[in-house]
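# Topology and contacts: notes
Chain by chain, the residues:
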Amino acid sequence: MGIVSPGFRRRRRDDVELPPGQYLTQDFPVLSAGPTPRIPQLEWEFVVVTEAGVRHRWTWDELQALPAQEPTVDIHCVTKWSKLGTTWRGVSVDVLMEDVETAADYALVHSYGGYTTNLPLEDLLDGKAWVAYEYEGAELSPPHGGPARLLVPHLYFWKSAKWVRGIQLLPDDEPGFWESVGYHDYGDPWREQRYQGD
Ligand SMILES: Nc1nc2c(c(=O)[nH]1)N[C@H]1C(S)=C(S)[C@@H](COP(=O)(O)O)O[C@H]1N2
Ligand SMILES: [Mo]
């Protein structure tokens, strides 16, 4: 092992390693495939439906009553911007899945407005995903997915469904909106899985 000073190893924030092909941005672009749906909190609900058709439902107040976390994470959009150290508040998907009995391997995430995105169920578990309703200490704004969005920071940001309304558990993988028009099924930014075949 060579002689390396600790200061050299710990990279500065503006010198940090990004996934391949990404650049750093300080602002927070809005990327939506359609108009911004407006869902009053009183009408908002979140549903997990299992492969057996069993539904688990939370109202806005029920979501707020669950234990929350404040993850600080880096996010990476497939259009190549990355944003470091973003802070959110939300409920871990682990909490929502606590009483859900399932043998499903896949999830199709549904949003108000019709957007969908798919991922293996395990990528939503073990502290890897949240239903987030605050960004940088303030209520999540509608353009960024408010009242609540999924946050799955280890995958490209298109997997972080805005205006999220539920998770459908499936025995087989089913492509979502971008995945069915040529984007990668999994979308790991560190392996640069942007498009099918990457
Ligand atoms: N419902 C919904 N969620 C979505 C999208 C969308 O079009 N509709 N776009 C995705 C994409 S491609 C990205 S990069 C992020 C953008 O989130 P932002 O607008 O908060 O930056 O949301 C993702 N979630
Ligand atoms: Mo994106």
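For the structure given in this document, a descriptive report is provided here. All figures in this text were calculated on a predicted structure; none of them were measured in a lab.

## Observations regarding the packing of aromatic side chains
A full pass over the atoms with the stated rule returns 16 aromatic pairs. Consider the rings of Trp-44 and Phe-46, whose centres lie 6.2 Å apart with planes at 20°: the pair is stacked. Comparing Trp-44 with Phe-46, the two get one shared label, buried. Arranged with centres 5.2 Å apart and planes meeting at 50°, the rings of Tyr-183 and Tyr-195 form a pair that is tilted. Of this pair, Tyr-183 sits in the segment after strand E11 (164-170) while Tyr-195 sits in the segment after E11, and the two are 12 residues apart along the sequence. On the basis of relative accessible area, Tyr-195 is assigned to the partly exposed category, the value being 41%. Grouping aromatic residues by their ring pairs yields a cluster made of Tyr-115, Tyr-156, Trp-158, Phe-177, Trp-178, Tyr-183 and Tyr-195.

About the criteria used
Residues numbered from 1 in each chain as written. Chains lettered and ligands numbered in written order. Predicted model: local features only at pLDDT ≥ 70, side-chain atom pairs only at ≥ 80, totals over all residues. Heavy atoms only, no water. Phe/Tyr/Trp six-rings, centres within 6.5 Å; stacked < 30°, edge-to-face > 60°. Buried < 20%, exposed > 50% of the residue type's maximum accessible area, 1.4 Å probe, protein only. Helix = DSSP H or I, 4+ residues; strand = E, 2+ residues; numbered from the N terminus.

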